[in-house]
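Take a look at the letters that make up each chain.
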Amino acid sequence: MSENQSTSKGKSIPPQQGASDVSLSIGDNGTWSQLDGPAPSLEPGSVVLDKYKILELVGLGGMGSVYLAHHIHLGTQYAFKCINREQPKDATWRRFQNEAKAAHILDHPNLIKVYDFGLLPGRRAYFIMDFVDGTTISDEIEKTGRLSVERCLRIFIQVAFAIAYAHENGVIHRDLKSSNIMLVRNPEDPEDELVKVV
């Protein structure tokens, strides 16, 4: 998601732990010397940022990799998304921060929430998000071949509510596609399906 600055409605954005950590690492002259160390291991069992234990790789795409991570202090699980490429330019990093902050201020049952973000050593950007144990519409179509009209209506009514909420809060989703819409099924009621927009 991206923050629509022309319609931001003056919402205050809470300070982010990841953002404050990184801002201390970037010098006034735009250098990234403190982030040029070796990238941390993201193998299962490794601990990143002294608090996130990587449990397993759950998704892999052209832009980044998503891991299931356990917060060793809080005892909760999150999705740890690490962007594959480096983020060497200040302008790129500022855009990344704006998108992370925009996703953080939104609180809706049909939207994935971002809790933290920053840069790892090696200058790879990361998000800490809700972990959703489900499947994407893209994967569901590949598996079933097609979705019924009734099911599509149930899904996209929830998508519409999520996007309308984002627009009301000055945020435009610029990458809405089937692989960014998650479906979470209720094992006790197949008709009860929650949609989460990434």
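In case you missed it, the structure is sitting above this.
To start, this report covers the structure provided alongside it. Remember, predicted model here, so these are calculated numbers, not experimental data.

This next bit is on the pattern of salt bridges. Under the definition given, this model contains five salt bridges. For the salt bridge of Asp175 with Lys177, the shortest nitrogen-to-oxygen distance reads 3.6 Å. What makes Asp175 partly exposed here is its relative accessible area of 39%. Of the residues examined, Lys177 reaches a relative accessible area of 40% and is grouped as partly exposed. Taken together, the shared-partner salt bridges connect Glu140, Lys143, Arg151, Arg185 and Glu193 into one network.

The next point concerns the pairing of strand 4 (residues 64-71). Within strand 4, six of the eight residues are buried, which leaves the element mostly enclosed by the surrounding structure. Relative to strand 4, strand 3 (residues 52-60) runs antiparallel, the two sharing seven bridges. Each bridged residue has a counterpart across the sheet, and for Ile54 the counterpart in strand 4 is Ala69.

Taken as a class, soluble globular proteins show a tendency for nonpolar side chains to be buried jointly. Among the nonpolar cores identified, the biggest contains 16 residues, and Leu106, Ile137, Ile155, Val159, Val195 and Val197 are the most heavily contacted of them. Of all the secondary-structure elements, those providing two or more residues to this core are helix 2 (90-105), helix 4 (149-168), strand 10 (181-186) and strand 11 (189-197). Residue contributions to this core peak at five residues, all from helix 4. The next biggest cluster of nonpolar side chains, apart from the first, holds 15 residues, and it includes Trp93, Phe117, Leu119 and Phe127.

Conventions adopted
All chains use their own residue numbering, which begins from 1 and follows the written sequence. Predicted model: local features are reported for residues with pLDDT of at least 70 only, side-chain atom pairs are reported and counted for 80 or more only, and whole-chain, interface and lining totals are derived from all residues. Excluding hydrogens and water, the side-chain figures rest on all heavy atoms present in the structure. By definition here, a salt bridge exists when the distance from a side-chain nitrogen of Lys or Arg to a carboxyl oxygen of Asp or Glu is within 4 Å. Buried means the residue's accessible area, taken with a 1.4 Å probe over protein chains only, is under 20% of the maximum for its type, while exposed means over 50%, and partly exposed covers the values in between. Segments assigned H or I by DSSP are reported as helices when at least four residues long, segments assigned E as strands when at least two residues long, and all are numbered from the N terminus. Two strands pair if DSSP finds at least two bridges between them. Nine residue types can take part in a nonpolar core, namely buried Ala, Val, Leu, Ile, Met, Phe, Trp, Tyr and Cys, and a core is a set of them joined through side-chain atoms within 4.5 Å.

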